[in-house]
Amino acid sequence: MILKELTVTSNRKLADGIYEMRFSGASHVRPGSFVEVTVPGFYLNRPFGVGNYENGEITIFYKVVGQGTDKMTEIQVGEKLKVIYELGNGFDMEKATKPLLVSGGIGIAPIYYLAKAFANKGIRPVVVTGFRNAGEVVLEKELAEIADLYVATDDGSKGFHGNPVACVKALDKEWDYYYSCGPMVMMHFLKMYSDKGELSLEARMGCGFGACMGCSIKTVSGYKRVCKEGPVFDAKEVEL
Ligand SMILES: Cc1cc2nc3c(=O)[nH]c(=O)nc-3n(C[C@H](O)[C@H](O)[C@H](O)COP(=O)(O)OP(=O)(O)OC[C@H]3O[C@@H](n4cnc5c(N)ncnc54)[C@H](O)[C@@H]3O)c2cc1C
Ligand code: FES
């Protein structure tokens, strides 16, 4: 866990309600770990998965859902924000030789960084990304360069017509282990299909670093904290 004041180098809209923010001044960040951003005027930090890390810059992809994320859209390049990074456990990349990556909505953030990390190891993953409609699709060009990409939309306005789990089932692709991040309902159905993988979970957070127990979830081996023992859990371990 590292707390630092980082400089915002970019804050731009990518699609309907979806933004990308970059911070410079960070050291190495693991795929699947998350950051806590102090939003000016708000007491509690906001947690976000790491969407990329390159040349000392952390990227997050955020969806505007409430007051904090709405305020973040006003942050200007050059502003300094307190950011806690290297939080949580991260994905175990050693488990896959033929990885399948599955995201729903803004869950694409950690999945994109993981796809880049596999590409850096010389592995081209299969990536299935789901969105509500074509207007919400992000990172298509970037992912297509490094992965076998399949885009699914709920309304069929782009790519596969249906949810990402239905898309995975319809695919004739070989994979040996999956990594997923997205809405609980999507990860529930993915786990029903196969539990050979890892799920990156979200929970309402207080402290963000293991002290308050506010983010605990039930697992087969008792309660665990999403911020400390997670956010990535073995699919066999969690009850969704
Ligand atoms: C490990 C983790 C990774 C995440 N990664 C991303 C990401 O990459 N991109 C993205 O857009 N969103 C992500 N989220 C969700 C994001 O943290 C919330 O959408 C955001 O905090 C909402 O803030 P708000 O003030 O706009 O909303 P409000 O609803 O006004 O927030 C009120 C309070 O609830 C908390 N809160 C609200 N929703 C969540 C949530 N889902 N999880 C935790 N706390 C929440 C906020 O921190 C705040 O304290 C992640 C959440 C977690 C736990
Ligand atoms: S948010 Fe406090 S223990 Fe996880």
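Residues take numbers from 1 onward in each chain, read along the sequence in its written order. Following the order in which they are written, the chains are lettered starting with A and the ligands numbered starting with 1. Whole-chain, interface and lining totals are the exception, using all residues; otherwise, since this is a predicted model, local features are given only for residues with pLDDT of at least 70 and side-chain atom pairs are given and counted only at 80 or more.

(A) Expanded view of the site of ligand 1. What surrounds ligand 1 is a group of 22 residues, the closest being G49, G66, G68, T69 and A109. When contributions to the shell around ligand 1 are tallied by element, the ones reaching two or more residues are β4 (46–49), β6 (57–63) and α1 (67–72). Its residues placed into classes, the shell around ligand 1 shows 13 nonpolar, 5 polar and 4 charged. By convention here, the C-beta atom is placed from the backbone, and a residue is near a molecule or strand when that atom is within 6 Å of it. Only runs of H or I of at least four residues qualify as helices and only runs of E of at least two qualify as strands under DSSP, and these elements are numbered from the N terminus. The residue classification treats Ala, Val, Leu, Ile, Met, Phe, Trp, Tyr, Cys and Pro as nonpolar and Asp, Glu, Lys and Arg as charged. All others, Gly included, are polar.

(B) Expanded view of unusual backbone geometry. Cis rather than trans, the peptide bond between G230 and P231 has omega equal to 10 degrees. Summarising the element assignment, P231 is placed in the loop between β15 (222–225) and β16 (232–234). Notably, E86 is not glycine yet its phi reads approximately 60 degrees, a positive angle. In this structure, E86 sits in strand β7 (residues 80–87). To sort residues by exposure, count the other C-beta atoms lying within 10 Å of each residue's C-beta; 20 or more gives buried, 12 or fewer gives exposed, and values between give partly exposed, all with C-beta atoms placed from the backbone. Looking at E86, the number of C-beta atoms within 10 Å reads 18, which means it is partly exposed. Of note in this structure, L139 is not a glycine but carries a positive phi near 60 degrees. Checked against the element boundaries, L139 lands in the loop between β9 (126–131) and α3 (140–146).

(C) Structural view of the nonpolar core. Counting 65 residues, the largest nonpolar core has V35, I60, I111, L114, A115 and V127 as the members making the most contacts within it. Considering every element that reaches this core, the biggest residue donor is helix α2 (residues 108–120), with 9 residues. These domain boundaries are the output of an automatic or database domain assignment. A domain-level breakdown of this core finds at least three residues from each of domain 1 (2–87) and domain 2 (93–200). Contacts are defined on C-beta atoms placed from the backbone: any two residues whose C-beta positions lie within 7 Å are in contact. Not counting residues up to four positions away in its chain, the partners in contact with V35 are F48, V50, I58, I60, V83, I84, Y85 and L87. Joined through C-beta atoms within 7 Å, a set of buried Ala, Val, Leu, Ile, Met, Phe, Trp, Tyr and Cys residues constitutes a nonpolar core.

(D) Spatial organisation of the pairing of strand β13 (residues 197–200). Of the two faces of β13, both are covered, the one formed by G197 and L199 as well as the one formed by E198 and S200. Remark: the strand β12 (residues 177–181)/helix α5 (residues 184–193)/β13 crossover connection has right-handed handedness. Two strands pair when backbone bridges link them, and β13 and β16 are joined in this way by 3 bridges, in the antiparallel orientation. Residue pairing across strands places S200 opposite V232, the latter belonging to β16. Crossover handedness is defined by viewing with both strands directed away from the observer: a clockwise path from the first strand over the helix to the second marks the crossover as right-handed. Any two strands between which DSSP finds at least two bridges are classified as paired.

(E) Fine view of the domain arrangement of the chain. Domain annotation of the chain identifies domain 1 (2–87) and domain 2 (93–200). Using C-alpha coordinates to define each centre, domain 1 is positioned 23 Å away from domain 2. Each partner contributes to the interface: domain 1 provides 15 residues, whereas domain 2 provides 15 residues. For the side of domain 1 that touches domain 2, the class distribution of residues is 9 nonpolar, 4 polar and 2 charged.

(F) Fine view of the sheet that holds strand β2 (residues 18–24). Across the sheet, 7 strands lie side by side as β4-β3-β7-β1-β2-β6-β5; this open sheet has antiparallel pairing. Only two strands of the sheet have a single partner each, and these edge strands are β4 and β5 (52–54). When strand polarity is set aside, the average angle formed by the axes of neighbouring strands in this sheet is 35 degrees. Bridge analysis of β5 against β6 gives 3 bridges, and the strand direction is antiparallel. From the neighbouring strand, E54 faces β6, where its bridge partner is E57. With respect to the sheet, α2 is in contact with β4, β5 and β6, its orientation differing from that of β5 by roughly 40 degrees. Working convention: axes come from line fits to C-alpha atoms, limited for helices to the stretch in contact. Angles between N-to-C directions cover 0 to 180 degrees.

(G) Summary view of α2. Taking 1.5 Å per residue, 13 residues should reach 18 Å; α2 reaches 18 Å between its end C-alpha atoms and fits that length. Where burial is concerned, most of α2 is hidden: 11 out of the 13 residues are buried. Those residues of α2 that sit buried are I108, A109, P110, I111, Y112, Y113, L114, A115, K116, A117 and F118. G122 sits one or two positions beyond α2 and adopts a positive phi of about 85 degrees. Under the convention used throughout, the expected extent of a helix is 1.5 Å for every residue step, that is, one less than its residue count.

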